[in-house]
Amino acid sequence: MSEQKFLPFALPDIGEEEINEVVDALRSGWVTTGPKTKQFEADFAAFIGEGVEAIAVNSATAGLHLALEAIGIQPGDEVIVPSYTFTATAEVVRYLGADPVVVDVDPATFNISPAAIRAAITPKTRAIMPVHFAGLACEMDEIIAIAREHGLKVVEDAAHALPTTYKGKLIGTLDSDITVFSFYANKTMTTGEGGMVVSKNKDIIARCKIMRLHGISRDAFDRYVSKTPAWYYEVIAPGFKYNMPDTAAAMGIHQLKKIVGFREKREAMAQRFDRELADLPLILPARPADVGGQHAWHLYPVRIKPEAGISRDDFIVRMAEKGIGCSVHFIPLHRQPVWRDGYQLERAAFPVADAAFEAEVTLPLYTRMTEADQTRVIAAVREILGA
């Protein structure tokens, strides 16, 4: 092991502004969903723009569950999802008794393949869930066109995609039905745990608001701060417990203010990786192909070519020996026992996702990394690959 301090794969970038806002929430006496959550929702809706409404939740997984419930997914329905994603994308479909239909991805971007979507549509298909892998937008015009042609809903899993643009428009403002962002600890901004549901459809938002907190017709903050007796409420649906507390939203208020600067730093780091790793036996990440496309650079995923003479697993071990953390995104759904065995998924049906997984390694890229940190990562990669 190197004598240098271990460089982790990811670290959140939290400043005194976030800390002070959290302390203010703690001192206020209101720590669950209240004024800071409402401010965060309003700020986020304003940032995304185009008249969207935003609903803060305790995780993107919760947000995806709410989204699918709000668009009417029921037992026996089918929702098309990519294999190259985290299990949450598929598991929320099962929460509602519906079935995830797992399809292959594009070989350059790892994003869901529109051709694979078309081939997977059946009379039971009700929705498509594209995942903007690593922060690069899917081919949304084609996906939305397919959805309209077949009368399907589109739920965007935008866990990686803040602030990603597609043809000049922010993800969250496209003509899909609903979009869900993640604020997990390693995302482009964080609330520790948390997520945001965004939609222009007022009926969908209204349903998400009700189901977010036990199916109650009024939220606790409105009841408890009312100047007149307001203890009465009605439970109008068997809802969930998915609200974001003010202690988390307090972080989000200031993280959101920094998100543009965060992305600019991530972009600069990605460009440096591109320049200094270009001559190595690696496939570097895809960049936006559309005019006006902007990558959020949540991840910097590379693929090790066969001629490198080292396996992906051995590469990760060698990087760890040099004191540098790496990761793999993702072990595809078709390789996970619950989906592989439950839906009889064969590796041969997912040649792109399967080959990508065998070669993929994600290098550390986060805003707390210094120039020296990145230099160290580049030097380690070059040494291991014999450059």
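Residues numbered from 1 in each chain as written. Predicted model: local features only at pLDDT ≥ 70, side-chain atom pairs only at ≥ 80, totals over all residues. Heavy atoms only, no water.

The name an unreviewed UniProt entry gives the protein is dTDP-4-amino-4,6-dideoxygalactose transaminase, with Aquitalea magnusonii as the organism. In its Sequence similarities (unreviewed entry) section, UniProt records this for the protein: "Belongs to the DegT/DnrJ/EryC1 family." (UniProt positions renumbered as here; feature names shortened; annotations may be inferred.)

**Q** Help me get a handle on the domain arrangement of the protein, residues and values and all.
**A** Each assigned domain of the protein is listed here: domain 1 (16-256) and domain 2 (259-385). One C-alpha centre belongs to domain 1, the other to domain 2, and the line joining them spans 26 Å. The partner domain 2 presents 37 residues to the 42 residues of domain 1 that form the contact. A buried area of about 3200 Å², summed over both sides, lies between domain 1 and domain 2, and 65% of it is on carbon and sulfur atoms. Considering only the surface of domain 1 that becomes buried against domain 2, Tyr84, Asp104 and Thr188 emerge as the three largest contributors, covering 18% of it. Counting across the interface, domain 1 meets domain 2 through 0 salt bridges. At the junction of domain 1 with domain 2, the criterion picks out 21 residue pairs in polar contact (both at pLDDT 80 or more). (Domains from an automatic or database assignment. Contact = heavy atoms within 4.5 Å. Buried area = accessible area lost by both parts, 1.4 Å probe. Salt bridge = Lys/Arg side-chain N within 4 Å of Asp/Glu carboxyl O. Polar contact = N/O pair within 3.5 Å; in protein donor to acceptor, adjacent residues only side chain to side chain.)

**Q** Break down the sheet that holds strand β12 (residues 360-363) for me, with residues and values.
**A** Whether parallel or antiparallel, the strands of a sheet pair through hydrogen bonds between backbone atoms. Reading across from one edge, β10-β11-β12 is the order of the 3 strands in this open sheet, with antiparallel pairing throughout. Only two strands of the sheet have a single neighbouring strand rather than two, namely β10 (282-283) and β12. Both strand β11 (residues 300-304) and β12 contribute to a ladder of 4 bridges, which runs antiparallel. Bridged to Tyr300 within β12 is Leu363. Contacting β10, β11 and β12, helix α9 (residues 246-277) crosses the sheet at an angle of about 20° to β11. (Pairing = 2+ DSSP bridges. Helix = DSSP H or I, 4+ residues; strand = E, 2+ residues; numbered from the N terminus. Axes fitted to C-alpha atoms, helices over the stretch in contact; angles between N-to-C directions.)

**Q** Hey, could you go over helix α4 (residues 88-95) for me, with residue numbers and the actual values?
**A** Within the span of α4, buried status applies to Ala88, Thr89, Ala90, Val92 and Val93. Remark: Gly97 follows α4 within two positions and exhibits a positive phi of approximately 80°. (Buried < 20%, exposed > 50% of the residue type's maximum accessible area, 1.4 Å probe, protein only.)

**Q** Give me the UniProt feature "modified residue: N6-(pyridoxal phosphate)lysine" (unreviewed entry) in the protein: which residues, what numbers.
**A** UniProt's feature table lists "modified residue: N6-(pyridoxal phosphate)lysine" (unreviewed entry) at Lys187, given in the numbering used throughout. Within the secondary structure layout, Lys187 lies in the loop between β8 (178-182) and β9 (195-199). Ignoring sequence-local partners within four residues, the contact set of Lys187 consists of Ala159, His160, Ser182, Arg266 and His298.

**Q** Tell me what's going on with the nonpolar core, and back it up with residues and numbers.
**A** Of all hydrophobic cores here, the largest spans 47 residues; its most connected members are Leu68, Ile73, Tyr84, Met129 and Val155. Broken down by secondary-structure element, the contributors of at least two residues to this core are β1 (53-57), α3 (60-70), β2 (78-82), α4, β8, α7 (202-212) and α12 (351-359). When residues in this core are grouped by element, the largest group, 7 residues, is from α3. Residue assignment places this core across two domains, with domain 1 (16-256) and domain 2 (259-385) each supplying three or more. Grouped together as the second largest cluster of nonpolar side chains are 44 residues, Ile48, Ile144, Ile146 and Leu174 included. (Core = buried A, V, L, I, M, F, W, Y, C linked by side-chain atoms within 4.5 Å.)

**Q** Could you give an account of unusual backbone geometry, naming the residues involved and the relevant values?
**A** A cis geometry characterises the amide bond from Leu162 onward to Pro163, with omega recorded as -5°. By the secondary structure assignment, Pro163 is in the loop between β5 (153-158) and β6 (165-166). In this structure, the amide linkage connecting His329 to the following residue, Phe330, adopts the cis form with an omega of 0°. Checked against the element boundaries, Phe330 lands in the loop between α10 (312-321) and α11 (337-342). For Lys167, which is not glycine, the phi dihedral falls at a positive 50°. Phi is positive for Trp297, close to 55°, though the residue is something other than glycine. Counting through the fold element by element, Trp297 comes out in the loop between β10 and β11. Accessibility expressed as a relative area gives 0% for Trp297, which makes it buried.

**Q** Help me get a handle on the environment of Phe357, residues and values and all.
**A** Mapped onto the elements of the fold, Phe357 is located in helix α12. For the pair Phe357 and Tyr84, spaced 273 residues apart in sequence, the C-alpha to C-alpha distance is 8.3 Å. When neighbours within four sequence positions are excluded, Phe357 is seen to be in contact with Tyr84, Arg312, Val328, Phe330, Ile331, Pro332 and Arg335.

**Q** Requested: an account of the packing of aromatic side chains, with residues and values cited.
**A** The tally for this structure, following the rule as stated, stands at 14 aromatic pairs. Grouping aromatic residues by their ring pairs yields a cluster made of Tyr84, Phe86, Phe110, Phe133 and Phe330. (Phe/Tyr/Trp six-rings, centres within 6.5 Å; stacked < 30°, edge-to-face > 60°.)

**Q** If you had to explain the packing of helix α2 (residues 35-48) against α9 to someone new, which residues and values would you point to?
**A** One can describe the packing of α2 onto α9 by two numbers: an axis separation of 7 Å at closest approach and a directional angle of 25°. The angle between α2 and α9 falls in the class roughly parallel. The hand of the α2/α9 crossing is left-handed. Residues Pro35, Lys36, Thr37, Gln39, Phe40, Asp43, Phe44 and Phe47 of α2 pack against Asp246, Ala249, Ala250, Gly252, Ile253, Leu256, Ile259 and Val260 of α9. (Parallel < 35°, antiparallel > 145°, perpendicular 65-115°, else oblique. Left-handed = near helix turned anticlockwise from the far one by under 90°.)

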